[in-house]
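Working through the structure, step by step
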Amino acid sequence: MQWNENLIRSVVTQVLAEVGQIPSMQGSGAATGRHGVFDCVQQAVAAARDAFEQLSERTIEDRKRIIDHIRRISIEQRVELGTMEMEETRIGRLEHKIEKLMTLGKKTPGVEFLRSEIFSGDHGLAVIEHAPFGVIGAITPVTHSLPTITGNAVSMIAGGNTLVVNPHPSGRRVAAEGVRRFNEAIYQDLGIDNLICVISEPTLESANEIFSHRDVALICVTGGPAVARAALNSGKRAIVAGPGNPPVVVDETADLARAARSIITGGAYDNNLLCIAEKEVFVVESVFDEMMSAMEQEGAVRLQPAEVDRLTREAITAVGEGAHRHDVPAKEFLGQDASVLARAVGKSVTEETELLFGETDETSPFVSVEQMMPFVPFVRCRNVDEAIDKAKQYEHGFRHTAIIHSTNVRNMTRMGRVMDTTLFVKNGPCFSALGVGGEGYLSYSIATPTGEGVTTPLTFTRERRCSMIDELCILGK
Ligand code: NAD
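Our subject in this report is the structure included herewith. (Residues numbered from 1 in each chain as written. Predicted model: local features only at pLDDT ≥ 70, side-chain atom pairs only at ≥ 80, totals over all residues. Heavy atoms only, no water.)

Here we look at helix α16 (residues 409-419)
Owing to its 3.6 residues per turn, the α-helix brings residues three or four apart onto one side. Burial in α16 covers these residues: Asn411, Met412, Met415 and Met419. Buried residues in α16, looked at end-on, bunch into an arc of 100°, giving them a common side. Residues of α16 that are exposed and point over 90 degrees away from its buried face: Val409, Arg410 and Arg417. The secondary structure elements touched by the buried residues of α16 are β9 (247-250), α15 (384-394), β16 (401-405) and β17 (423-426). With a side-chain oxygen lying 2.8 Å from the backbone nitrogen of Arg410, the N-terminal cap of α16 falls on Asn408. (Buried < 20%, exposed > 50% of the residue type's maximum accessible area, 1.4 Å probe, protein only. Helix = DSSP H or I, 4+ residues; strand = E, 2+ residues; numbered from the N terminus. Arc of directions from axis to C-beta. Contact = heavy atoms within 4.5 Å. Polar contact = N/O pair within 3.5 Å; in protein donor to acceptor, adjacent residues only side chain to side chain.)

Next up, the structure:
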């Protein structure tokens, strides 16, 4: 073991914590040793604020080192943590829970995304740097409990912030355990605890407490319509990664085998839980039957009309009263395996079956509802213009994600313009837009209504400008 300043500081802090005396260089330090797990918002925010003060004294290199611990744990302990997430939430597919932690550990943007802008000229020099906000309040979904925290933590800490997370109640235990492991490793190496804080018994009240806390400088929510609305009404600056209902268009010029493979890999991933996942497909009439055959050849299982009707009755339910009454996925089917959905309609398929699909018309609730289960409806359209118009209609203006399979540049261009979505994917599965099998980078918080897009460390920073007048521009006479 190599002794360095940080390690010495960590050991001293630990010893003093044990005898009840925390040194003043660690801030108030009252929460040191909690490793980020709190049942009280006040205490969590105070600890995160204290951690922020300490982080502010450290170098960018230290931020990288902190993040490396999060990446390492996410990758090395992915099987244990992914299994924990699967056992607690009981939605999705285990192999994908594990893979998501690996991908986030490897690919989430870190300090390498930080940059400064410089203006130099006759009147001197201006440097624009990106500073932290402070403590960020984060709300995370059940669909990716620890993965969202992992991605948020890497990008927020890279930007110099700390965070307090209110996880979804059904994913709170894995959230707390992941956060505890991250903080413990960081504390042992760098002597700072509670950079990531989590509420162990999260409720809507604790979310609201975070929203309105004066020491929370910014909020970042990842979830469905209700939390998106709550964040936008909170009176704080909010970065909102909201819901989607990504449509797919397949035109007559598409490579149908490739389109089918893409729809299956994207639409079936983690049993269709991804917000970017293929949710409904509009296919032009002239290739509709061929496309349905391509789906079967690539391994998806087709449901007959009576089976689709039965699945609709079983797996979609209505909630709300009066004008607010609307369809939602039934809890018993959300994120369940294709074999579970098939069984519900009296069909037997192998456990390995990834995706079910079937023809519906556009009035099927599977078209309008963000179903988050591995059945994808296919709607026959007269031509590509009709397919694009329906894609626009059923994306509901979320401006989240849209996908086309085509080799016609005009059709791609028209759909891109009409959809106006944050992500627009051509000829690949949805996640290729996040640098997995395509170019670009990854985040599990894609800010849609507020427009920041795929979040990076810079999303969580504020601009600061430093101007030197008439000097320090060394060009010219
Ligand atoms: P959800 O909306 O039920 O819950 C998300 C989080 O918000 C949870 O922590 C929940 O407890 C909290 N919450 C819900 N209502 C709230 C309110 N009124 N006030 C404060 N907090 C509230 O969503 P979910 O089922 O956990 O996740 C799936 C949804 O999230 C889908 O709609 C999906 O599209 C969306 N999502 C979006 C992104 C993105 O990057 N845009 C990423 C993942 C998931």
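Side note on the sheet that holds strand β3 (residues 124-132)
Sheet strands associate in pairs through backbone hydrogen bonding, adopting either a parallel or an antiparallel arrangement. Strand order in this open sheet of three strands is β2-β3-β20, and the pairing throughout is antiparallel. Each end of this open sheet is capped by a strand with a single partner; those strands are β2 (117-121) and β20 (461-469). On average, each strand axis in the sheet is inclined to that of its neighbour by 15°, with strand direction left out of account. By the bridge criterion, nine bridges tie β3 to β20 in an arrangement that is antiparallel. The partner of Gly124 across the bridge, within β20, is Ile469. (Pairing = 2+ DSSP bridges. Axes fitted to C-alpha atoms, helices over the stretch in contact; angles between N-to-C directions.)

Structural notes on empty space enclosed by the protein
Evaluated as defined, the whole model comprises one cavity of 30 Å³ or more. Lining the largest cavity are Thr108, Gly151, Asn152, Ser155, Leu442, Ser443, Tyr444, Thr455 and Phe460. Tallied by class, residues from the lining of the largest cavity come to three nonpolar, six polar and no charged. (1 Å grid on protein atoms, 1.4 Å probe; cavity = no way out; pocket = protein on both sides within 12 Å on 5 of 7 lines; lining within 4 Å. Points joined across faces, edges and corners; volume = space filled by probe spheres on them. Nonpolar A, V, L, I, M, F, W, Y, C, P; charged D, E, K, R; others polar.)

Structural notes on the site of the ligand
Neighbouring the ligand are 28 residues, the closest being Thr140, Gly224, Gly242, Glu370 and Ile446. Between Gly223 and the ligand, the recorded distance is 3.5 Å, taken from a backbone N or O atom to an oxygen atom. Relative to its unbound accessible area of 840 Å², the ligand is 87% covered by the protein chains. Going through the elements one at a time, α8 (204-212) and α9 (225-232) are the ones with two or more residues in the shell around the ligand. Among the elements that take part in the shell around the ligand, α9 stands out by supplying three residues, more than any other. For the shell around the ligand, a count of residues per class yields 15 nonpolar, 12 polar and one charged. (Near = heavy atom within 4 Å. Areas by Shrake-Rupley, 256 points an atom, 1.4 Å probe, with all protein chains shown as cover.)

Focus: the environment of Asp39
You can see Asp39 is positioned in the loop between β1 (37-38) and α2 (41-56). Asp39 sits 159 residues away from Val198 along the chain, and the two C-alpha atoms are 8.2 Å apart. Setting aside anything within four residues of it in sequence, one finds Asp39 in contact with Arg34 and Ser200.

Quick word on the sheet that holds strand β5 (residues 162-166)
One open sheet accounts for six strands, arranged β1-β6-β5-β4-β7-β8; its pairing is parallel. The sheet is open, and its two edges are formed by β1 and β8 (238-241), each paired on a single side. Note that β5 and strand β6 (residues 196-199) share three bridges and pair parallel. Within β6, the residue paired with Val164 across the bridge is Cys197. Running over the sheet, α2 touches β1, β4 (135-139), β5, β6 and β7 (216-222) and is turned about 160° from β5. The sheet strands contacting α8 are β4, β5, β6 and β7, and the helix crosses β5 at an angle near 150°.

Quick notes on the layout of surface pockets
Of the voids in this model, the second largest pocket is the one considered here, and its volume is about 200 Å³. Forming the walls of the second largest pocket are Ile60, Arg63, Leu114, Arg115, Ser116, Glu129, His130, Ala131, Pro132 and Arg464. At the level of secondary structure, the elements contributing two or more residues to the lining of the second largest pocket comprise α3 (60-76) and β3. At four residues, the largest contribution of residues to the lining of the second largest pocket is made by β3. Of the residues in the lining of the second largest pocket, the class split is four nonpolar, two polar and four charged.

Some words on helix α6 (residues 145-158)
For α6, spanning 14 residues, the distance from its first C-alpha to its last is 20 Å, which sits close to the expected 20 Å at 1.5 Å a residue. α6 sits mainly inside the fold: 14 of its 14 residues count as buried. Just downstream of α6 lies Gly160, where phi reads positive at about 95°. (Expected span 1.5 Å × (residues − 1).)

Regarding the pattern of salt bridges
Counted under the stated rule, the structure contains 27 salt bridges. In this structure, a network of salt bridges that share partners links the residues Glu80, Glu177, Arg180, Arg181 and Glu184. (Salt bridge = Lys/Arg side-chain N within 4 Å of Asp/Glu carboxyl O.)

Geometric descriptors of this kind do not, in isolation, establish any biological role.
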